[in-house]
Amino acid sequence: GESVGLHLPTLSVQEGDNSIINCAYSNSASDYFIWYKQESGKGPQFIIDIRSNMDKRQGQRVTVLLNKTVKHLSLQIAATQPGDSAVYFCAENINNYGQNFVFGPGTRLSVLP
Amino acid sequence: KAGVTQTPRYLIKTRGQQVTLSCSPISGHRSVSWYQQTPGQGLQFLFEYFSETQRNKGNFPGRFSGRQFSNSRSEMNVSTLELGDSALYLCASSSLRLLRSSQETQYFGPGTRLLVL
């Protein structure tokens, strides 16, 4: 179903530590997932994506893990920096023909100095 | 390459009015999607346009409509505005180069913040 309910979890991490942000997705048929970062007053910014035929993908300082068995995504950020402070959304494309992304409620990441 | 642009960035309207928002996708991108973002409901899909046709639609009333032009630019219109339409309206574009278009990345614009009084 649609992702609703806006309790926004918050994750506070110390600068330099690793961050792990989790997301449960809704549709077992979804085959494409994206993590976005949204800073205040801006649109979501693409971070990394993963297709359902993979279980792990790495980018620069970021890693996405996909567990299709339990419909779970995670985003790992290595050596978290103050500039990483933002709200992070996972998104799944529930439509196998075209674009119809369902977004999670988001997680607010706060990086402590 | 320029990103997705949206105009206007900010807008104030009163109840009952209508509004038109504009989106220019990344050059070469043919799919444009619209989303509404509110604190209460989060990011919700409105509709997707491809080749001037609405291809997917979310669960919004008919007051929300859109269109896409031959140059892929898109507009969305909200008629008979309600207080609850106050939101950040986001546009996203995709290139759809892949055969399986459901696996194309979407890139977002900065959004248009609409306030309905």
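Residues numbered from 1 in each chain as written. Chains lettered and ligands numbered in written order. Predicted model: local features only at pLDDT ≥ 70, side-chain atom pairs only at ≥ 80, totals over all residues. Heavy atoms only, no water.

Bringing the interface of chain B and chain A into the picture now. Taken together, the contact between chain B and chain A spans 31 residues of the former and 26 residues of the latter. Surface buried jointly by chain B and chain A totals about 2200 Å² across both partners, of which 47% is contributed by carbon and sulfur atoms. Counting every contact that joins chain B to chain A gives 0 salt bridges. The tally of links from chain B across to chain A stands at 5 residue pairs in polar contact (both at pLDDT 80 or more). Mapped by element, the contributors of at least two residues to the side of chain B that touches chain A are β4 (31–38), β5 (42–50), β6 (53–57), β9 (87–94) and β10 (107–108) of chain B. In terms of residue class, the side of chain B that touches chain A is made up of 11 nonpolar, 15 polar and 5 charged. (Contact = heavy atoms within 4.5 Å. Buried area = accessible area lost by both parts, 1.4 Å probe. Salt bridge = Lys/Arg side-chain N within 4 Å of Asp/Glu carboxyl O. Polar contact = N/O pair within 3.5 Å; in protein donor to acceptor, adjacent residues only side chain to side chain. Helix = DSSP H or I, 4+ residues; strand = E, 2+ residues; numbered from the N terminus. Nonpolar A, V, L, I, M, F, W, Y, C, P; charged D, E, K, R; others polar.)

For the rest of this paragraph, the subject is the pairing of strand β3 (residues 32–38) of chain A. Residues and elements named next belong to chain A. Across the 7 residues that make up β3, a large majority, 7, are buried. Along β3, one buried face is formed by Y32, I34, Y36 and Q38 and the opposite face, lined by F33, W35 and K37, is buried too. Bridge count for β3 against strand β4 (residues 45–51) is 6 bridges, and the pairing is antiparallel. In the strand pairing of β4, K37 is matched with Q45. Hairpin geometry of β3 and β4 is characterised by an intervening segment of 6 residues between the two adjacent antiparallel strands and by a positive phi of about 80° at G41. Looking at chain direction, β3 and strand β8 (residues 86–93) are connected through 6 bridges and run antiparallel. (Buried < 20%, exposed > 50% of the residue type's maximum accessible area, 1.4 Å probe, protein only. Pairing = 2+ DSSP bridges.)

Here we come to the state of the cysteines. Residue and element names in this part refer to chain A. For the coordinates displayed, the defined rule picks out 2 disulfides over all chains. One disulfide bridge connects C23 with C90, the sulfur atoms lying 1.6 Å from each other. Of this pair, C23 sits in strand β2 (residues 19–24) while C90 is found in strand β8, placing the two residues 67 residues apart along the sequence. (Disulfide = S-S within 2.5 Å.)

Mapped onto the elements of the fold, D49 of chain A is located in strand β4. Of note is the side chain of D49 of chain A, whose polar atom sits 2.6 Å from the side chain of Y32 of chain A. Those residues in contact with D49 of chain A that sit more than four places away from it in its chain are Y32, F33, I34, R57 and V64 of chain A together with T105 of chain B.

Right, let's get into the environment of S31 of chain B. Residues and elements named next belong to chain B. By the secondary structure assignment, S31 is in strand β4. When the C-alpha positions of S31 and F50 are compared, they lie 4.6 Å apart, and in sequence the two are 19 residues distant. At 2.7 Å, the side chain of S31 forms a polar contact with the side chain of E48.

The subject of this paragraph is the sheet that holds strand β8 (residues 74–78) of chain B. Residues and elements named next belong to chain B. Across the sheet, 4 strands lie side by side as β1-β3-β8-β7; this open sheet has antiparallel pairing. Where the open sheet ends on each side, the last strands, each with one partner, are β1 (5–7) and β7 (64–68). Strand after strand, the sheet turns through a mean of 20° between neighbouring axes, direction not considered. Sheet topology places β1 next to strand β3 (residues 19–24); 3 bridges connect them, and they run antiparallel. (Axes fitted to C-alpha atoms, helices over the stretch in contact; angles between N-to-C directions.)

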